[in-house]
Amino acid sequence: MIAYVESWATEFTVVSTPTTSIVTRLLAVIRMADSASSQSAKGRFGTFGGVFVPNVLTILGLIYFLRTGWVVGQVGMVYALLIVVIANAISLMTGLSLSAVATSMTVRTGGAYFILTRTLGLEFGGAIGIPLFLSQAVSVAFYVVGFTEALEWVAPGVMPYARFISTGVVLLFGLLAWVGADFAIKVQYLVLAVLLAAIGSFYLGGWTGPLEPVLGAVDPDLHLNIQNTVQRELAQPQGFWVVFAVYFPAVTGIMVGASMSGDLKSPGKSIPRGTLLSIAFTSVVYITSTIWVSLTSTREELLTNNLVMQNIAVWPHLKLVLLGVWAATLSSALGSVLAAPRTMQALAMDRVIPHFLGSQLGHKTEPRAAILVTTAIAVGIVWMGSLNFVAAIITMFFLATYGTMNLAAGIEKLIGNPSYRPTFNLHWSLSLLGAAACFGTMFLINVPATLVVIAVILLVFLMLERRSLTTEFGDLRSGIWASVAKHSLLKLEAAPKRTKNWRPNVIAFTGQPRNRKHLVKLGKWLLRGQGILSFVEIVVGDVEKLAISGIRHKRRDAIAEFLSEQQVDAFAECQIASDFYEGAITVAQSHGLAGLEPNTIIMGLSETPEGLAKQQSLMPVFSSLRKSVLLLHYDNERAYGEHDRIDVWWGGKSRNGELMLLLAHIIRSHRDWSGAKVRLLQIIDNESETEETRKRLTSLLAEVRVKASPKAVVRNPDESVSEAIARTSGDADLTIIGMQMPTVSNAEETAQRVHDLIDPLGSVLMVRSAETEDVLSGDTVMVEALPD
């Protein structure tokens, strides 16, 4: 109707402009009415009908009726109760975790998937959500097949038509879901009544005979005269954990109600209340049924008769327990056929799967496209044949979901994100204990199936990660990293500072790094030292005006984008300053956190004498801030040559030598410089000093444990130091030279001498160490050895 009115309104307003406001108001009223109707239809179930009943009907399934007696017969009443308590404890911890997380957010369509996605992130939530949907869809077929097999007990003639009957039931349930959850919920009330009648008849029976409990595990030497093959296999003694693995699926199904979250009036209240009430109710049923079946049956009956409850019931001829078996299977199937499409709809809304699969096909509330897919999957599974292994995998997927829910709640509470404020508070240890119990149970039940589940989840996670899906919601991953980072920083700050643990934490003043890729390369090489690299741009101008313009964030985002394109693991930063050099000093002081303060500054060597003089004058300031300085002169023609040789020049007077050798070692460890040769060089005036100089250089190399070739360079008569360096390193791919500490009075003079030195060379890295002499002993300042 909206579409028709809008179309008519568009044509009409072209002719009669004054009527536009009337038509617009009419459209607004229609939209508001349609929206109110939609919202009313969406939030139409309360705690009882929307959560409690679907949960109870899914939990009280075939295992309850067919395996409760067998569990008691195998391990005795005491250990059977222990199994029931452990299984329900896991279920309870998961329900508590679900309640905690659900009360900390507005839960919408998707239930468990929605909660996990908004907690752990889209990739992880999707990795759980897709298998969860498939498990829910396949479960429809399993429960229906169980119903058909139970039907064969009273009507063996239907066996040849079992698959046709199962297909018909699946299609019927698909039709119920298509008509709407309202009608399906009403059907559930009828099924619940039958189920409760079956359980009631069981409790009312058995009072006429002696009440003697079956205690202790079955005797391994017990021999029963049993002809039926199936019964004989059931009577074989089994261990405690094998029996536990068989029984545990009986307590699953606690998240079916949560899957109806998009249709609940108040999901934040209904999910915790309905889930915990359903767990409490079914736990009482399981515990009391275990005790009662133990008191009213013999061990042989418990081990060999699947329908021992039917024999105990007060009116056996009414077959109420058998009706209960049918009700249990059909109710579980109905719960799954309501839950699966809503999980698929949530996946489609998040674009994890194609969006059209979440279409309602004209209906206001029901995800009809997903209902069709769910029904088709269930029908296909009915005709697959043997499904034992698939059944185990389904149980594993449910357990993986439960374990992940516990994990999410525990981590959220543990890291203490301010946004996590559940009205239902739960200690993190209980949630993590529940997670451990769920994952441990998976391996106890079926190791191969568990491995398959892990492989599928990992595969889906990697596929979603490669798609790089964007979301408008956050998750706790950033909170986890923030918590880990905080803990690590505090430990790092408290730890004593040792030379052994030194690594380059570098600020690179590059401006926009895409314009200075040679500095980016140097930064990448230095990252081989497992340090931290930050590329910083100083925007010079009126601080107030530029701050208001938002240029700082734009420039920083541009740097980050470039670093991502170049696959450089570095940080981006941009600061506004009225003067570049004042801004650089400010960044050098303020950048970083305690324990991770930058210790090295990289700049491109200025091309102008004035700029170079200014850079030289900054060195005493950076040194007082305990920052080493690296100035890179890049040869645009030769670049970094063939990456074959690095020459390190040591004068033997200052404190740069060890740092220069360490930098050469880090650069050479990068694959770009694989196999490169490092030479440690020193100038001498007399040939007679050669051997002594070589020994001194060899000693330095042994001290710093860097592999390099020591060489004494004899200066020719009338040859300057600069000329000797040019003669020796003119063909080097990278030359590393130490710098002296300039003073205010000689900054320009030193700048000119630096220019004279580097002109004949290729790319040159000039180094000034800020470390104290007792930390970096022995070093060079080649510039200070230059002649006047």
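In what follows, the structure referred to is the one given above.
Procedures and definitions
- Residues numbered from 1 in each chain as written.
- Predicted model: local features only at pLDDT ≥ 70, side-chain atom pairs only at ≥ 80, totals over all residues.
- Heavy atoms only, no water.
- Helix = DSSP H or I, 4+ residues; strand = E, 2+ residues; numbered from the N terminus.
- Expected span 1.5 Å × (residues − 1).
- Buried < 20%, exposed > 50% of the residue type's maximum accessible area, 1.4 Å probe, protein only.
- Contact = heavy atoms within 4.5 Å.
- Salt bridge = Lys/Arg side-chain N within 4 Å of Asp/Glu carboxyl O.
- Pairing = 2+ DSSP bridges.
- Axes fitted to C-alpha atoms, helices over the stretch in contact; angles between N-to-C directions.
- Patch = residues over 30% accessible without salt bridge, like charges linked within 9 Å, V, L, I, M, F, W, Y side chains within 5 Å.
- Areas by Shrake-Rupley, 256 points an atom, 1.4 Å probe, with all protein chains shown as cover.
- Lys, Arg positive; Asp, Glu negative; His and termini not counted.
- Charge placed at Lys NZ, Arg CZ, Asp CG, Glu CD.
- Core = buried A, V, L, I, M, F, W, Y, C linked by side-chain atoms within 4.5 Å.
- Parallel < 35°, antiparallel > 145°, perpendicular 65-115°, else oblique.
- Left-handed = near helix turned anticlockwise from the far one by under 90°.
- Nonpolar A, V, L, I, M, F, W, Y, C, P; charged D, E, K, R; others polar.
- Phe/Tyr/Trp six-rings, centres within 6.5 Å; stacked < 30°, edge-to-face > 60°.
- 1 Å grid on protein atoms, 1.4 Å probe; cavity = no way out; pocket = protein on both sides within 12 Å on 5 of 7 lines; lining within 4 Å.
- Points joined across faces, edges and corners; volume = space filled by probe spheres on them.

Q: What is the right way to look at helix α15 (residues 368-382) in this model?
A: Since there are 3.6 residues in each turn of an α-helix, residues three or four apart along the chain are aligned in direction. Given a rise of 1.5 Å per residue, 15 residues ought to cover 21 Å, and the 21 Å separating the end C-alpha atoms of α15 matches this to within 8%. Here α15 has its buried residues at Arg-368, Ala-369, Ala-370, Ile-371, Thr-374, Thr-375, Ala-378, Val-379, Ile-381 and Val-382. Of the surrounding elements, those touching the buried residues of α15 are α6 (122-154), α7 (162-179) and α14 (320-349).

Q: Is there a simple way to think about the pattern of salt bridges in this case?
A: Two side chains carrying opposite charge are able to pair once their charged atoms lie near each other. Within this structure, the stated rule accounts for 12 salt bridges. Residue Glu-366 is joined to Arg-342 by a salt bridge in which the shortest nitrogen-to-oxygen separation is 2.7 Å. In this pair, Glu-366 is assigned in the loop between α14 and α15 and Arg-342 in helix α14, connecting sequence segments 24 residues apart. Judged by its relative accessible area of 0%, Glu-366 is buried. In this structure, the salt-bridge partner of Arg-679 is Asp-647, at a minimum N-O distance of 2.9 Å. One end of the pair, Arg-679, is in strand β7 (residues 677-684); the other, Asp-647, is in strand β6 (residues 645-649), and 32 residues separate them in sequence.

Q: What am I meant to see in the sheet that holds strand β2 (residues 532-540) here?
A: Two orientations exist for strands paired in a sheet by backbone hydrogen bonds: parallel and antiparallel. The mixed open sheet is built from 10 strands, whose spatial order is β3-β2-β1-β4-β5-β10-β9-β6-β7-β8. Both edges of this open sheet fall to β3 (571-577) and β8 (709-714), since each of them pairs with a single strand only. Put simply, the sheet's adjacent strands are angled 25° from each other on average, direction ignored. Alignment of β6 against β7, held across five bridges, turns out to be parallel. Pairing of Arg-645 across the sheet is with Lys-677, part of β7. Seen against the sheet, helix α23 (residues 580-590) touches β1 (505-509), β2, β3 and β4 (600-604) and runs at an angle of roughly 145° to β2. Across the sheet, helix α27 (residues 721-729) lies against β6, β7, β8 and β9 (734-738), angled at about 160° from β6, the strand it touches most.

Q: Explanation requested: a positive patch on the surface in the structure shown.
A: Taken together, the side chains of Lys-521, Lys-524, Arg-528 and Arg-671 make up a positively charged region of the molecular surface. Topologically, Lys-524 is positioned in helix α20 (residues 517-526).

Q: Explain the nonpolar core to me, please; I cannot follow it from the model alone.
A: A general feature of soluble globular proteins is that nonpolar side chains tend to end up buried together. By size, the foremost hydrophobic cluster in this structure holds 130 residues, and its most contacted members are Tyr-64, Phe-65 and Tyr-286. Counting residues per element, this core draws most heavily on helix α4 (residues 62-102), at 17 residues. Contacts of Tyr-64, omitting those with residues within four sequence positions, involve Ile-199, Phe-202, Tyr-203, Val-285, Tyr-286, Ser-289 and Met-309. Listed in part, the 43 residues of the second largest apolar core include Leu-522, Leu-527, Ile-666 and Ala-676.

Q: So what exactly am I meant to see when it comes to the packing of α14 against α15 here?
A: In a pair of packed helices, the angle between the axes and the distance between the axes together describe the arrangement. In contact at an axis separation of 8 Å, α14 and α15 are set at 125° when each is read in the N-to-C sense. Relative to α15, α14 is oriented oblique. Crossing of α14 against α15: the hand is right-handed. Residues Ala-340, Pro-341, Met-344 and Gln-345 of α14 pack against Ala-370, Ile-371, Val-373 and Thr-374 of α15. Classifying every residue of the contact of α14 with α15 gives six nonpolar, two polar and no charged.

Q: Could you clarify how one ought to interpret the packing of aromatic side chains in this entry?
A: In this description, a pair of aromatic rings is defined by centroid distance and the angle of the planes. For the structure shown, the criterion picks out 20 aromatic pairs. Look at Tyr-79 and Phe-240: their rings are 6.1 Å apart centre to centre, the planes differ by 75°, and that puts the pair in the edge-to-face class. Of this pair, Tyr-79 sits in helix α4 while Phe-240 sits in helix α10 (residues 240-247); the two residues are 161 residues apart in sequence, bridging distant segments of the chain. Owing to a relative accessible area of 21%, Phe-240 belongs among the partly exposed residues under this scheme. Where Tyr-634 meets Tyr-640, the ring centres are 5.2 Å apart and the plane angle is 55°; that geometry is what we call tilted. Note on Tyr-640: relative accessible area 2%, which makes it buried.

Q: Sorry if this is basic, but what is going on with the environment of Glu-607 here?
A: Here Glu-607 is to be found in the loop between β4 and α24 (609-624). The class of Glu-607 is exposed, set by a relative accessible area of 64%.

Q: Explain a nonpolar patch on the surface to me, please; I cannot follow it from the model alone.
A: Nonpolar side chains collect at one region of the surface, where Val-78, Tyr-79, Leu-82 and Leu-215 lie side by side and expose about 390 Å² of accessible area between them. Assignment of secondary structure puts Leu-215 in the loop between α8 (181-204) and α9 (229-234).

Q: Explain unusual backbone geometry to me, please; I cannot follow it from the model alone.
A: Glycine aside, negative phi is the norm for most residues, and most peptide bonds take the trans geometry. Within the chain, Arg-351 stands out as a residue other than glycine whose phi angle is a positive 65°. Considering the arrangement of structural elements, one finds Arg-351 in the loop between α14 and α15. On the basis of relative accessibility, which here comes to 48%, the residue Arg-351 falls in the partly exposed class. For Arg-626, which is not a glycine, the phi torsion comes out positive at approximately 60°.

Q: Looking at this structure, how should I read the packing of α23 against α24?
A: Remark: α23 packs on α24, axes separated minimally by 11 Å, with the N-to-C direction vectors making an angle of 30°. On the basis of their axis angle, the class for α23 and α24 is roughly parallel. Of the two possible hands of crossing, α23 and α24 adopt the one that is right-handed. Taking contact as the criterion, the partners of Tyr-581, Ala-584, Ile-585 and Ala-588 in α23 are, on α24, Gly-611, Lys-614, Gln-615, Leu-618, Val-621 and Phe-622.

Q: Quick question: what am I supposed to make of the environment of Leu-464 here?
A: Relative to the helices and strands, Leu-464 is located in helix α18 (residues 447-467). Each C-alpha atom, one on Leu-464 and one on Glu-123, is 5.4 Å from the other, the two residues being 341 residues apart in sequence.

Q: What am I meant to see in the pairing of β2 here?
A: Looking along a regular strand, one sees side chains alternate from face to face of the sheet. Most of β2 sits inside the fold, with seven of its nine residues counted as buried. Pairing of β1 with β2 involves five bridges; the strand directions are parallel. When the sheet's bridge partners are listed, Ala-508 is paired in β2 with Phe-535. Pairing geometry for β2 and β3, over seven bridges, is parallel. Opposite Val-536, over in β3, you have Glu-573 as the bridge partner.

Q: Would you take a moment to explain empty space enclosed by the protein for this structure?
A: Summary: where empty space remains is shown by rolling a probe the size of a single water molecule over the atoms. Within the structure shown, the criterion is met by two cavities of 30 Å³ or more. A volume near 50 Å³ is recorded for the largest cavity. Taken together, 11 residues line the largest cavity, and the ones lying closest to its centre are Leu-66, Trp-70, Leu-302, Asn-305 and Asn-306. Elements that contribute at least two residues to the lining of the largest cavity include exactly α4 and α12 (299-304). Among the residues making up the lining of the largest cavity, the classes are represented as seven nonpolar, four polar and no charged. In this model, the second largest cavity occupies a volume close to 30 Å³. Lining the second largest cavity are Pro-504, Val-506, Gly-523, Leu-526, Leu-527, Gly-531, Ile-532 and Leu-533. The set of elements that each furnish at least two residues to the lining of the second largest cavity consists of α20 and β2. For the lining of the second largest cavity, the class distribution of residues is six nonpolar, two polar and no charged.

Interpretation note: all reported values are geometric properties and have no functional meaning in isolation.
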